[in-house]
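Take a look at the letters that make up each chain.
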Amino acid sequence: MVVGEALVSSPADQVTRWPLLDAGSSMALMPNHSEMEVLVAARDWKLAGCGVALATVVKTWGSSPRPAGSHLAVRDDGFFLGSVSGGCVEGAVVEEALGVMKSGVPKVLEFGVTNERAWEVGLACGGTVRIFVEPLQ
Amino acid sequence: MKTGTLDTVLAEIEAKRPILLATDLETGEQRLLRRGDGDTESERIDVERALRVDACITTDAEGAPQVFYQPFNPPLRMILVGAVHIAQPLSAMATLTGYEVTIVDPRESFAAAERFPGVALNLEWPDAALEALSLDQRCVVVTLTHDPKLDDPALQVALRSDAFFIGCLGSKKTHASRLRRLEKAGFSQSELARVKGPVGLPIGARSPAEIAVSVLAQVTETLRKP
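Structure report, in brief. Here the structure is a predicted model, which is why all the values come from computation and not from measurement. (Residues numbered from 1 in each chain as written. Chains lettered and ligands numbered in written order. Predicted model: local features only at pLDDT ≥ 70, side-chain atom pairs only at ≥ 80, totals over all residues. Heavy atoms only, no water.)

## Brief notes about the overall build of chain B
Counting its regular elements, chain B contains eight helices and 10 strands. In chain B, buried positions account for 49% of the 226 residues. For chain B, the proportion of contacts with a sequence separation of at least 24, taken over those separated by at least 6, is 56%. About 10900 Å² of surface is accessible on chain B, with carbon and sulfur atoms providing 53% of the total. (Helix = DSSP H or I, 4+ residues; strand = E, 2+ residues; numbered from the N terminus. Buried < 20%, exposed > 50% of the residue type's maximum accessible area, 1.4 Å probe, protein only. Contact = heavy atoms within 4.5 Å. Areas by Shrake-Rupley, 256 points an atom, 1.4 Å probe, with all protein chains shown as cover.)

## Considerations on the sheet that holds strand S4 (residues 67-72) of chain B
The strands that make up a sheet pair up through hydrogen bonds in the backbone, lying either parallel or antiparallel. All names here are of chain B. In space, the four strands of this open sheet follow the order S2-S1-S4-S3, with antiparallel pairing throughout. In the strand order of this sheet, the two ends are held by strand S2 (30-33) and strand S3 (57-58), each with one partner. Pairing analysis gives six bridges linking strand S1 (residues 19-24) to S4, with the strands arranged antiparallel. In the sheet register, Ile19 faces S4, and the bridge partner there is Phe72. (Pairing = 2+ DSSP bridges.)

## Quick look at the nonpolar core
Residues and elements named next belong to chain B. Counting residues in hydrophobic clusters, the biggest one holds 26 residues, and the most contacted among them are Met78, Leu80, Tyr99, Val101, Ile103, Val142 and Leu144. Broken down by secondary-structure element, the contributors of at least two residues to this core are strand S5 (77-81), helix H3 (87-97), strand S6 (100-104), strand S8 (139-143) and helix H8 (208-224). The element best represented in this core is H8, accounting for five residues. Apart from the residues lying within four places of it in its own chain, the contact partners of Met78 are Leu90, Ala94, Tyr99, Glu100, Val101, Thr102, Val140, Leu216 and Val219. (Core = buried A, V, L, I, M, F, W, Y, C linked by side-chain atoms within 4.5 Å.)

## Observations regarding the side chain of Asp151 of chain B
Residues and elements named next belong to chain B. Relative to the assigned elements, Asp151 resides in helix H5 (residues 148-159). In this structure Asp151 is buried but unpaired, with Arg178 as the nearest side chain of opposite charge at 4.1 Å. At 2.6 Å, the side chain of Asp151 and the side chain of Thr145 are in polar contact. When sequence neighbours within four positions are dropped, the list of residues in contact with Asp151 reads Val81, Thr143, Leu144, Thr145, His146 and Arg178. (Lys, Arg positive; Asp, Glu negative; His and termini not counted. Salt bridge = Lys/Arg side-chain N within 4 Å of Asp/Glu carboxyl O. Polar contact = N/O pair within 3.5 Å; in protein donor to acceptor, adjacent residues only side chain to side chain.)

## So, the interface of chain A and chain B
At the interface, 29 residues of chain A touch 31 residues of chain B. With both chains or domains summed, chain A and chain B bury close to 2400 Å², and 63% of this area falls on carbon and sulfur atoms. Put simply, chain A and chain B have zero salt bridges between them. Only helix H1 (33-47), strand S1 (52-61) and strand S5 (128-135) of chain A provide two or more residues apiece to the side of chain A that touches chain B. Residue composition of the side of chain A that touches chain B, by class: 17 nonpolar, seven polar and five charged. (Buried area = accessible area lost by both parts, 1.4 Å probe. Nonpolar A, V, L, I, M, F, W, Y, C, P; charged D, E, K, R; others polar.)

## Considering the packing of aromatic side chains
Scanning all chains against the criterion turns up one aromatic pair over all chains. Taken together, a centroid distance of 5.9 Å and an interplanar angle of 65° make the contact between Trp45 of chain A and Phe79 of chain A edge-to-face. With Trp45 of chain A in helix H1 and Phe79 of chain A in the loop between strand S2 (71-75) and strand S3 (80-82), the pair connects residues that are 34 residues apart, well separated along the chain. Positioned over the ring face of Trp45 of chain A is Arg75 of chain A, at 5.1 Å from the centre of the ring. Sitting over the face of the ring of Phe110 of chain B, Arg107 of chain B holds its NZ or CZ atom 3.8 Å from the ring centroid. (Phe/Tyr/Trp six-rings, centres within 6.5 Å; stacked < 30°, edge-to-face > 60°. Lys NZ or Arg CZ within 6 Å of the ring centre and 35° of its normal.)

## Looking at the pairing of S8 of chain B
Successive residues of a regular strand alternate their side chains across the two faces of the sheet. Residue and element names in this part refer to chain B. Among the five residues of S8, five are classified as buried, and the element is accordingly described as predominantly covered. Side chains of S8 alternate between two faces, with Cys139, Val141 and Thr143 and Val140 and Val142 buried alike. Where S5 lies against S8, five bridges are found, and the strand directions are parallel. Paired with Val81 across the strands is Thr143, a residue of S8. By the bridge criterion, four bridges tie S8 to strand S9 (residues 165-168) in an arrangement that is parallel. Within the sheet, the bridge partner assigned to Thr143 lies in S9 and is Cys168. Crossover connection from S8 via H5 to parallel S9: handedness right-handed. (Right-handed = clockwise from strand over helix to strand, strands pointing away.)

Given below as structure tokens:
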């Protein structure tokens with residue numbers, strides 16, 4: 001659970017408890033149960049009345065840190081849980097996710113090292129990652 | 001994603017029923033599918049494959065809309081035969097790795113809840129216990145007792161199942177005699193080739209925790225690089 005990498009720090013009263021799931025929950029036993037924790041957090045934020053978007057890695061090329069199916073849940077205050085790249089592009093994905101929450105229209109993003117701004121937002125490992133960002137409605 | 005779709009996915013995960021989310025990447029439209037579902041024959045094949053290999057698939061046929069298939073499978077299961085010392089770190093590490101662990105040992109003093117807090121303990125005789133667990137291709141069986149009375153009945157059930165990993169703790173010498181006993185019991189050489197013994201990658205492990213690392217590493221290798 002990549003909580004410590006939040007680019008936008010969460011207010012003290014919103015510090016997320018870890019683990020999110022009780023040990024007794026069968027979800028705590030899921031393969032990649034941290035992925036399930038991200039989905040549970042997305043649902044709980046929505047239930048609490050927050051705007052929520054979900055980013056999912058749908059395809060990777062070459063070397064990339066997170067496999068297809070990895071999730072990042074973003075809340076309307078910029079707080080997020082999970083990871084889609086191990087920290088390289090999360091900042092940009094969070095920005096896009098906030099936009100998707102407002103527009104209500106899903107979006108496909110692609111990050112690689114081919115563009116000239118790669119030193120700013122991209123994957124240092126040389127891979128490319130395609131990410132689907134959708135609002136939770 | 002609709003909140004209702006997310007609720008269903010989470011409920012199915014909790015109920016340990018495999019389910020698959022199909023997303024049209026152009027429109028964002030989503031459908032929930034189960035094994036056997038699909039609009040076309042090729043979609044049914046993609047659904048089956050994604051659930052079987054437990055990996056996401058994106059279709060990329062020319063002209064057709066791109067669809068992303070994400071499977072949500074029940075947890076992998078690890079059945080440890082023998083509530084011995086090594087089972088303590090191994091059950092803890094396997095749980096962290098995402099396995100649902102069951103320890104089988106009819107000896108009450110070994111399979112004591114105080115020794116394995118939070119782990120499912122089964123005190124049936126190993127063959128009966130493993131039959132009841134309905135082993136499938138998402139199961140691991142590792143025998144740890146060194147006692148043929150307990151290990152062998154478990155192995156016989158495991159060898160007749162689709163378990164993706166079968167391993168036995170013990171020296172090369174005890175493994176050779178184990179294989180001879182199983183051969184006498186009617187298992188062929190090719191069936192016995194599935195049994196990994198002595199179980200674990202050769203990393204020079206000494207302590208129970210190190211041996212657990214070596215076993216879990218070999219299980220992971222078998223799962224991810226079959």
